[in-house]
Amino acid sequence: MKIGLIVVRFFFMLLVIFNPNVQQTAKAFTGTYGINYGRIADNIPSPDKVVKLLRAAKIKNVRIYDAEPSVLNAFKGTGLELVVGLPNGFVKEMSANADHALNWVKDNVKAFLPDTRIVGIAVGNEVLGGSDNELEVALLNAVKNIYNATKKLGISGVQISTAHSQAVFADSFPPSYCVFKDGVAQLMKPLLEFFSKIGSPFCLNAYPFLAYTYNPDKIDINYALFEPTKGIVDNRTHLHYDNLLDAQIDAAYAALEDAGFSNMEVIVTETGWASDGDENEPAATPSNARTYNYNLRKRLAKRKGTPLRPKKMLKAYIFALFNEYQKTGQSSERNFGLFKADGSISYDIGFSGLQDVSAASSLSSLKGIRAQAYYLTVIAITTSISVLLSRL
Ligand SMILES: *[C@@H]1O[C@H](CO)[C@@H](O)[C@H](O)[C@H]1NC(C)=O
Ligand SMILES: *[C@@H]1O[C@H](CO)[C@@H](O)[C@H](O)[C@H]1NC(C)=O
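Residues numbered from 1 in each chain as written. Chains lettered and ligands numbered in written order. Predicted model: local features only at pLDDT ≥ 70, side-chain atom pairs only at ≥ 80, totals over all residues. Heavy atoms only, no water.

- With an unreviewed UniProt entry as reference, the chain is termed glucan endo-1,3-beta-D-glucosidase, source organism Capsicum annuum.
- Per UniProt, the chain has the following entry under Catalytic activity (unreviewed entry): "Hydrolysis of (1->3)-beta-D-glucosidic linkages in (1->3)-beta-D-glucans."
- As stated in UniProt under Sequence similarities (unreviewed entry), the record for the chain gives "Belongs to the glycosyl hydrolase 17 family." (UniProt positions renumbered as here; feature names shortened; annotations may be inferred.)

What follows is the structure, given as structure tokens:
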């Protein structure tokens, strides 16, 4: 009996170990770590220098917020995988006019394929739950027109999506109680229906930094920073969470399940921590930003799912590549960069800046840890096989 169970478990583990692709449903993502390359600053490095920086950091998945030709040209032949953005300012036009959508895709995507590896188009950013109702209503048809345009142009392998802020949720604590807000739900459901038909994931911009900044008395900062705490237990699922990002993602899964889309994958299209902020953003420090981004990198390198969706490997694009001093709003907005405008690192999480591309990257040490874990598992399995055999 017991041995039978062990043997079954052993074969199950083999299945999991030797079939790593089984959970990779989001086509627009290689591995687990990506970055947002925002360019709201006139002092950041040129796109070709950015390509050098990304290659040195071994970051392959990149999102931009538009389809700037100088960036698309610089990415030609690099193998870097790019998600381009249709800015919110174009969403109403693309929604109202299928021909304009066709031309936009022709000029901004088709013209650069296949040399520039465009793997996705993000239609608008954080539209739902925002303040422009006309824009919210226009989103679905813009998504459909852009999708139809790719089909008409014979483009394949380009995933259509749109990223949501956490403002689409009514309440996200405990995670399993999360649902879409009234008012958002009516617009969200047909959008999800379409995305589920075309196999696109739910794209979430998730910020433990903001949750902590707005609720410093309710949230332990160590929990938000992936540092050791006793965590929280969801009182409905009894699942244990040791960090806030995992809880935020499972809240999104819970809302999707409530809306009838329990199979849809959540990918994190933005997450990060500001290294400087206003007086009312005291958690925005270089030390906290470093801790969050360092621990996040380790979390992603584990290639694990969340407590509610343990088989859906967590994938995230970090916000952001550079500090962008021309952004408006709170000071934190201008200080999310892993790199300063001159290309030097904002703080050390193992990446080297442009000044110092030869410095050893700790990605290799992260890879080392993963390889070690892998070999330990293999050793554990072979040991249990020999124990089993010796008992037979
Ligand atoms: C997209 O194309 C499909 C099939 O060709 C068509 O049925 C649908 O009406 C089109 N949608 C839009 C929004 O144009
Ligand atoms: C779980 O916690 C929430 C919020 O604290 C509360 O509203 C809810 O009633 C609790 N549910 C159970 C099953 O205890």
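## A look at the overall build of the chain
And step 1. Along the backbone of the chain there are 12 helices and 10 strands.
And step 2. At a minimum sequence separation of 6, the contacts of the chain that also span at least 24 residues come to 70%. (Helix = DSSP H or I, 4+ residues; strand = E, 2+ residues; numbered from the N terminus. Contact = heavy atoms within 4.5 Å.)

## Side note on the pairing of strand E6 (residues 202-205)
And step 1. Of the two faces of E6, both are covered, the one formed by Phe202 and Leu204 as well as the one formed by Cys203 and Asn205.
And step 2. Examined bridge by bridge, strand E5 (residues 159-164) and E6 share 2 bridges and lie parallel to one another. Residue Ala163 lies in a different strand from E6, and its bridge partner there is Cys203.
And step 3. Considered for its hand, the β-α-β crossover made up of E5, helix H7 (residues 185-198) and E6 is right-handed.
And step 4. Both E6 and strand E9 (residues 266-271) contribute to a ladder of 4 bridges, which runs parallel. (Buried < 20%, exposed > 50% of the residue type's maximum accessible area, 1.4 Å probe, protein only. Pairing = 2+ DSSP bridges. Right-handed = clockwise from strand over helix to strand, strands pointing away.)

## Regarding the environment of Phe322
And step 1. Take Phe322: it is sitting in the loop between strand E10 (316-318) and helix H12 (363-391).
And step 2. Each C-alpha atom, one on Phe322 and one on Ala341, is 5.9 Å from the other, the two residues being 19 residues apart in sequence.
And step 3. Those residues in contact with Phe322 that lie beyond four places of it in its chain are Tyr37, Gly38, Ile44, Pro45, Val50, Leu53, Gly337, Phe339, Lys340 and Gly343.

## Some details on the site of ligand 1
And step 1. Near ligand 1, the surroundings consist of Asn141, Lys144, Asn145 and Asn148.
And step 2. Contact distances for ligand 1 include 3.5 Å between an oxygen atom and a side-chain N or O atom of Asn145.
And step 3. Separating an oxygen atom of ligand 1 from a side-chain N or O atom of Asn148 is a distance of 2.3 Å.
And step 4. Within the complex, the protein chains bury 32% of what would otherwise be the 360 Å² of accessible surface of ligand 1. (Near = heavy atom within 4 Å. Polar contact = N/O pair within 3.5 Å; in protein donor to acceptor, adjacent residues only side chain to side chain. Areas by Shrake-Rupley, 256 points an atom, 1.4 Å probe, with all protein chains shown as cover.)

## Comments concerning the packing of aromatic side chains
And step 1. Per the stated rule, a full pass over the model turns up 19 aromatic pairs.
And step 2. Judged by centre distance (5.9 Å) and plane angle (50°), the ring pair of Phe180 and Phe202 falls under tilted. Highlighted residues: Phe180 in the loop between E5 and H7 and Phe202 in strand E6, separated in sequence by 22 residues.
And step 3. Its relative accessible area of 9% is what places Phe180 among the buried residues.
And step 4. Across the ring face of Tyr317, the terminal group of Arg63 is positioned such that the distance to the ring centre comes to 5.3 Å.
And step 5. Above the plane of the ring of Tyr177 lies Arg236, whose end atom (NZ or CZ) is 4.0 Å from the centre. (Phe/Tyr/Trp six-rings, centres within 6.5 Å; stacked < 30°, edge-to-face > 60°. Lys NZ or Arg CZ within 6 Å of the ring centre and 35° of its normal.)

## What to know about the site of ligand 2
And step 1. Close contacts around ligand 2 come from Pro174, Tyr177 and Asn235, and that covers them all.
And step 2. Contacts to ligand 2 include Tyr177, whose side-chain N or O atom sits 2.7 Å from a nitrogen atom.
And step 3. Within the side chain of Asn235, a nitrogen or oxygen atom sits 2.4 Å from an oxygen atom of ligand 2.
And step 4. When ligand 2 is considered free in solution it has 360 Å² of accessible area, and contact with the protein chains removes 35% of it.

## With respect to the nonpolar core
And step 1. One finds Tyr37, Val84, Trp104, Ile146, Phe180 and Phe202 to be the most contacted residues of the largest nonpolar core, which totals 109 residues.
And step 2. The dominant element in this core, judged by the number of residues it contributes, is helix H10 (residues 244-258), at 10 residues.
And step 3. Ignoring sequence-local partners within four residues, the contact set of Phe202 consists of His164, Phe169, Phe180, Met188, Leu192, Ala252, Leu256, Met264, Glu265, Val266 and Ile267. (Core = buried A, V, L, I, M, F, W, Y, C linked by side-chain atoms within 4.5 Å.)

## Here's the deal with the side chain of Thr150
And step 1. Tracing the backbone through its elements, the reader meets Thr150 in helix H6 (residues 133-152).
And step 2. If we skip the residues at most four places from it in the chain, Thr150 touches Val105, Ile121, Ile155 and Ile160.

## What about a positive patch on the surface?
And step 1. Where like charges cluster on the molecular surface, the positive patch consists of Arg290, Lys298, Lys302 and Lys304.
And step 2. Here Lys298 lies in helix H11 (residues 286-301).
And step 3. Overall, the relative accessible area of 34% leaves Lys298 in the partly exposed class. (Patch = residues over 30% accessible without salt bridge, like charges linked within 9 Å, V, L, I, M, F, W, Y side chains within 5 Å. Salt bridge = Lys/Arg side-chain N within 4 Å of Asp/Glu carboxyl O. Lys, Arg positive; Asp, Glu negative; His and termini not counted. Charge placed at Lys NZ, Arg CZ, Asp CG, Glu CD.)

## Describing the environment of Pro114
And step 1. For Pro114, the location among the structural elements is in the loop between helix H5 (98-108) and strand E4 (117-125).
And step 2. Through-space distance from the C-alpha of Pro114 to that of Gly77 is 8.8 Å; in sequence the pair is 37 residues apart.

## Quick word on the pairing of strand E1 (residues 33-36)
And step 1. Of the two faces of E1, the one lined by Tyr33 and Ile35 and the one lined by Gly34 and Asn36 are each fully buried.
And step 2. Of the pairings in the sheet, the one linking E1 to E10 comprises 3 bridges and is parallel in character. The partner of Tyr33 across the bridge, within E10, is Ala316.
And step 3. Two elements, E1 and strand E2 (residues 61-63), share 3 bridges in a ladder whose sense is parallel. Looking at the pairing, Asn36 lines up with Arg63 of E2.
And step 4. For the crossover that starts at E1, traverses helix H2 (residues 47-56) and ends in the parallel E2, the hand is right-handed.

## A word on the confidence of the model for the chain
And step 1. Predicted confidence across the chain gives a mean pLDDT of 89, with 84% of residues reaching 70 or more.
And step 2. Low pLDDT, under 50, characterises residues 10-26; the predicted model gives this stretch 21 contacts beyond four residues in sequence or across chains. (pLDDT = per-residue confidence, 0-100.)

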